[in-house]
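Here is what each chain is made of, one letter per residue.
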Amino acid sequence: MAKQIEAGKFLVIECTAGELMDAVGSEICICDWCGRPYLPADKGCYIAVLNQWRCKECYERWLRNARWHPEDADVERRNFNFYAPRFGVKCQ
């Protein structure tokens, strides 16, 4: 089940590839960083500030080096508020 996870100041939703495919109406899920396709049961994370879904490995690598910029907050919130209900996650 998709859920919002703690990622510092970032708004991130952990979900399976299948949940992402259902949310966006796609028949395939590909990591937006490494480009590998994933099975519906594989987990990853939707990163609102980037408007990207990344596999767990690519997400962890991104999070280690990510820097939050306040000027991105409006776009990040808009992306999160758009996708959260599609994943069944409550908007804060």
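For the structure itself, consult the block above.
Residues numbered from 1 in each chain as written. Predicted model: local features only at pLDDT ≥ 70, side-chain atom pairs only at ≥ 80, totals over all residues. Heavy atoms only, no water.

Asks: Explain the pairing of strand β6 (residues 52-55) to me, and be specific about the residues and the numbers.
Replies: Here β6 shows a buried face lined by Gln52 and Arg54 and a second buried face lined by Trp53 and Cys55. Bridge count for strand β5 (residues 43-47) against β6 is four bridges, and the pairing is antiparallel. When the bridges of β6 are listed, Ile47 appears paired with Gln52. Taking the residues between adjacent antiparallel strands as the criterion, β5 and β6 are bridged by four residues, where Asn51 takes a positive phi near 55°. (Buried < 20%, exposed > 50% of the residue type's maximum accessible area, 1.4 Å probe, protein only. Helix = DSSP H or I, 4+ residues; strand = E, 2+ residues; numbered from the N terminus. Pairing = 2+ DSSP bridges.)

Asks: A description of the nonpolar core should follow, citing residues and the corresponding values.
Replies: By size, the foremost hydrophobic cluster in this structure holds 21 residues, and its most contacted members are Ile13, Tyr46, Trp53, Phe80, Phe87 and Val89. The set of elements that each furnish at least two residues to this core consists of β2 (12-16), α1 (17-24), β6 and α3 (73-87). If you look at the next biggest cluster of nonpolar residues, it comprises nine residues, including Ile5, Phe10, Val12 and Ile47. (Core = buried A, V, L, I, M, F, W, Y, C linked by side-chain atoms within 4.5 Å.)

Asks: Describe the environment of Val75, and please don't skip the residues or the numbers.
Replies: Here Val75 shows up in helix α3. Here the alpha-carbon distance between Val75 and Lys9, two residues 66 residues apart in the chain, equals 14 Å.

Asks: Please give an account of the side chain of Arg54 that cites residues and values.
Replies: Mapped onto the secondary structure, Arg54 falls in strand β6. Here Arg54 sits buried without a salt bridge, and the closest side chain of opposite charge, Asp32, lies 6.6 Å off (N-O distance). Here Gln52 takes part through its side chain, which lies 2.8 Å from a polar atom of the side chain of Arg54. Setting aside its immediate chain neighbours within four residues, Arg54 contacts Cys31, Trp33, Gly44, Cys45, Ile47, Tyr59 and Trp62. (Lys, Arg positive; Asp, Glu negative; His and termini not counted. Salt bridge = Lys/Arg side-chain N within 4 Å of Asp/Glu carboxyl O. Polar contact = N/O pair within 3.5 Å; in protein donor to acceptor, adjacent residues only side chain to side chain. Contact = heavy atoms within 4.5 Å.)

Asks: How would you sum up α1? Please name residues and give values.
Replies: Residues Ala17, Gly18, Leu20, Met21 and Ala23 constitute the buried set of α1. Those residues of α1 that are buried lie in contact with β2, β3 (29-30), β4 (37-38), β6 and α3. With its phi angle positive at about 75°, Gly25 sits one or two positions after the end of α1.

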